[in-house]
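# Residue-level structure breakdown
So you can see what is in the structure, the chains are spelled out below.
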Protein chains: 2
Amino acid sequence: MLSRMAKSLTPRDALKKTGPKVQFQMRIRKGDTVALGPGKVALLEAVREHGSISAAARSLEMSYRRAWLLIDELNRSLKSPATVSEQGGQSGGGCVLTPVGEEIIRLYRDVEAQAQHACARQITALTRLMAP
Amino acid sequence: MLSRMAKSLTPRDALKKTGPKVQFQMRIRKGDTVALGPGKVALLEAVREHGSISAAARSLEMSYRRAWLLIDELNRSLKSPATVSEQGGQSGGGCVLTPVGEEIIRLYRDVEAQAQHACARQITALTRLMAP
């Protein structure tokens, strides 16, 4: 959001006009790996928007290999996969979300909004401690 | 918590007995910097426990310089500081929390618990999508 604002403002203006921003991140860990977290959800959203893992990776300035590994790790951690790759193999074909993939995005974004709402009192108290 | 469990169990046992773990992190950003986040709160707690920035840094396997810079950045972002350093200079003296520092820890830990509580339904739905 800041980056979009910054297009019409100088960086200095953008900083001046930006009060404290609160960001929530949830991670679901299974053993050593983060089964689900902000990176994987952003990647799912990029796949949904761009229709392939390679285009999604480019949009996030991530290597194709890393994006593919993250999607693979996510799908392995699920009962049924979040994405389906079309014919064309690892480097060529398209990739679409399954209903499970859509549901994961919806639930995850809902968590962020709900957490912020539920903690409004504490967030207000914390931001009041901050210098203007 | 896992590391404490792991002392009495082999790593393999610890993984087997650990279901999905949910972790919330909140960050309050001001401009480019994270004014408050999990790293600074953990550092405040370590200062409270160990009584100096150097001992706190050691306990978190962080350099003294980095710990000092984080505390300094935090204090500068607040109306009144979270810590007070005793005589002895940057490398020697003790460091204690002010009531503001105590309040920050309390509010931050409260946010984590509250967020998890408020999002219990979505968290359950997400963990149900995961392979056992």
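Notes on the structure in this doc start here. Not measured: the values here are computed from a predicted model.

### Brief notes about the packing of helix H7 (residues 99–118) of chain A against helix H8 (residues 120–128) of chain A
Two measures define how a pair of helices packs: the angle their axes make with one another and the distance between the axes. All names here are of chain A. Where H7 contacts H8, the two axes come as close as 5 Å, and the packing angle between them is 65°. Of the possible angle classes, the one that applies to H7 and H8 is roughly perpendicular. Residue-level inspection shows Gln116, His117 and Ala118 of H7 in contact with H8, the latter providing Ala120, Gln122 and Ile123. In the contact of H7 with H8, the residues fall into 3 nonpolar, 3 polar and no charged.

### So, the sheet that holds strand E1 (residues 21–30) of chain B
Read across the sheet, 4 strands follow the order E2(A)-E1(A)-E1(B)-E2(B) without closing on themselves; strand pairing throughout is antiparallel. Each having just a single partner strand, strand E2 (33–36) of chain A together with strand E2 (33–36) of chain B make up the two edges of the open sheet. On average, adjacent strands in this sheet sit at an angle of 55° to one another, irrespective of strand direction. Across the sheet, helix H5 (residues 64–77) of chain A touches strand E1 (21–30) and E2 of chain A, and the angle it forms with E2(A) is around 75°. Taken strand by strand, helix H5 (residues 64–77) of chain B contacts E1 and E2 of chain B, and its axis lies near 75° from that of E2(B).

### Quick look at the side chain of B:Lys40
The residue B:Lys40 is located in helix H3 (residues 38–50) in this model. Filtering out sequence-adjacent residues up to four positions away, B:Lys40 remains in contact with B:Val34, B:Ala35, B:Leu70, B:Glu73 and B:Leu74.

### Focus on the side chain of A:Gln25
Positionally, A:Gln25 belongs in strand E1. Judged by relative accessible area, A:Gln25 falls into the buried class, the value being 13%. At 3.2 Å, the side chain of A:Gln25 and the side chain of A:Arg27 are in polar contact. Every residue in contact with A:Gln25, bar those within four places of it in the chain, is listed here: A:Pro38, A:Tyr108, B:Gln23, B:Phe24, B:Gln25 and B:Arg27.

Quick notes on the rules
- Residues numbered from 1 in each chain as written.
- Chains lettered and ligands numbered in written order.
- Predicted model: local features only at pLDDT ≥ 70, side-chain atom pairs only at ≥ 80, totals over all residues.
- Heavy atoms only, no water.
- Axes fitted to C-alpha atoms, helices over the stretch in contact; angles between N-to-C directions.
- Helix = DSSP H or I, 4+ residues; strand = E, 2+ residues; numbered from the N terminus.
- Parallel < 35°, antiparallel > 145°, perpendicular 65-115°, else oblique.
- Contact = heavy atoms within 4.5 Å.
- Nonpolar A, V, L, I, M, F, W, Y, C, P; charged D, E, K, R; others polar.
- Pairing = 2+ DSSP bridges.
- Buried < 20%, exposed > 50% of the residue type's maximum accessible area, 1.4 Å probe, protein only.
- Polar contact = N/O pair within 3.5 Å; in protein donor to acceptor, adjacent residues only side chain to side chain.

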